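Here are the chains, one letter per residue:
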Amino acid sequence: MKTVQISEHIWKCSIWVGITVSVWVVQSEDGLTLVDTGISLMAGGIEKCFRQLNAPLQRILLTHGHSDHSGGIVRIRSKFPVPVYAQAEEIPYMEGRLPYPGRSKAEKLAEPGLVQPLDDRAAAAAGLRAVHTPGHSPGHVAYYHEQDGVLLAGDLFTEKRGRLNRPMPMFTADMKQAVESGAVVAQLNPRLVSVCHGGNVLISSPQEQYKAYALAAIK
Ligand SMILES: [Zn+2]
């Protein structure tokens, strides 16, 4: 597992398992926030990152519930029993009460009641603002770290040679909506965008790229 500091307050931990899977550790006044948990086998590497930063984990924020983002919850919480938050609309899918759009079967990805509805306070304590960006999944959110100018985009995009690229079509519920949600980069104008699946390259000047991205993505 590879850990890279991507801005003053944010570290990105990634693993290669045929694709890159990443999570982020965000440092704030009250300690650390884990954004996404990755797959279960990343838990040891993520813990190592907490130890190196030498601050307590306070909360887990999810961009969405897919298994490559929520798969580490149980192992991480066995050592750090912190609250877990996801956008309210995402929770019925995570708890296996509804199949994700386009899937035939519901899948239980978290014990019912474990994941709490995300509120502004939980994100703000980490220095983040949650922005609802549906499309890849119904309750997908991106997290904006205003002070560092970094958008933690989850699966809102992938990255290709430093440029915005569509989320993976096979796992995206509504591509048109996902591309529209990507307009968040034109509104917020982050300095950098970091995605879950896409090497360790950060996307700079995303605002300038958005128009061309949207045109190419809907073709
Ligand atoms: Zn996903």
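None of the values given here were measured: they were computed from a predicted structure.

J.: Is there a simple way to explain the coordination of the zinc ion in this structure?
T.: Any two of four tetrahedral donors ideally make an angle of 109.5 degrees at the metal, while pairs among six octahedral donors ideally make 90 or 180 degrees. Donor atoms from the polypeptide that coordinate the zinc ion comprise His64 (NE2), His66 (ND1), His136 (NE2) and Asp155 (OD), at 2.1 to 2.3 Å from the metal. Metal-centred angles of 88 to 174 degrees between the four donor atoms at the zinc ion mark the site as irregular. In the primary sequence, the donor residues of the zinc ion line up as H-x1-H-x69-H-x18-D. Of this pair, histidine 66 sits in the loop between β5 (57-61) and α2 (67-70) while aspartate 155 is found in the loop between β10 (150-152) and β11 (158-160), placing the two residues 89 residues apart along the sequence.

J.: How should I be thinking about the layout of surface pockets in this particular structure?
T.: Any space left empty among the atoms is revealed by the rolling of a water-sized probe across them. Here the largest pocket defines a volume of roughly 180 Å³. Forming the walls of the largest pocket are 13 residues, and the residues nearest its centre are His66, Ser67, Asp68, Arg103 and Phe171. Of the residues belonging to the lining of the largest pocket, the class tally is five nonpolar, four polar and four charged.

J.: Where do I start with the packing of aromatic side chains in this structure?
T.: Here a ring pair, both rings aromatic, is described through the centre-centre distance and the interplanar angle of the planes. For the structure shown, the criterion picks out four aromatic pairs. Each ring, one from phenylalanine 50 and one from phenylalanine 80, has its centre 5.2 Å from the other, and the planes form 90 degrees; the classification is edge-to-face. Highlighted residues: phenylalanine 50 in helix α1 (residues 43-53) and phenylalanine 80 in the loop between α3 (73-79) and β6 (84-86), separated in sequence by 30 residues. The class for phenylalanine 50 is buried, based on a relative accessible area of 3%. When its relative accessible area of 23% is taken as the criterion, phenylalanine 80 is described as partly exposed. Taking the centre distance of 6.0 Å and the plane angle of 45 degrees together, the rings of tyrosine 210 and tyrosine 213 count as tilted. In this pair, tyrosine 210 and tyrosine 213 both sit in helix α8 (residues 206-217), three residues apart, roughly one turn of the helix.

J.: Would you mind showing me how to read unusual backbone geometry here?
T.: Only a minority of non-glycine residues have a phi that is not negative, and only a minority of peptide bonds are not trans. With a phi close to 70 degrees, aspartate 36 is a non-glycine residue in the positive phi region. Mapping aspartate 36 onto the fold places it in the loop between β4 (31-35) and α1. Although it is not a glycine, asparagine 189 adopts a positive phi angle of roughly 50 degrees. Exposure remark for asparagine 189: the relative accessible area of 43% places this residue in the partly exposed category.

About the criteria used
Residues numbered from 1 in each chain as written. Predicted model: local features only at pLDDT ≥ 70, side-chain atom pairs only at ≥ 80, totals over all residues. Heavy atoms only, no water. Donors = N, O, S within 2.8 Å, 3.2 Å for Na, K, Ca; no water. Tetrahedral: all angles 85-135°; square planar, octahedral: opposite > 155°, others 65-115°. Helix = DSSP H or I, 4+ residues; strand = E, 2+ residues; numbered from the N terminus. 1 Å grid on protein atoms, 1.4 Å probe; cavity = no way out; pocket = protein on both sides within 12 Å on 5 of 7 lines; lining within 4 Å. Points joined across faces, edges and corners; volume = space filled by probe spheres on them. Nonpolar A, V, L, I, M, F, W, Y, C, P; charged D, E, K, R; others polar. Phe/Tyr/Trp six-rings, centres within 6.5 Å; stacked < 30°, edge-to-face > 60°. Buried < 20%, exposed > 50% of the residue type's maximum accessible area, 1.4 Å probe, protein only.

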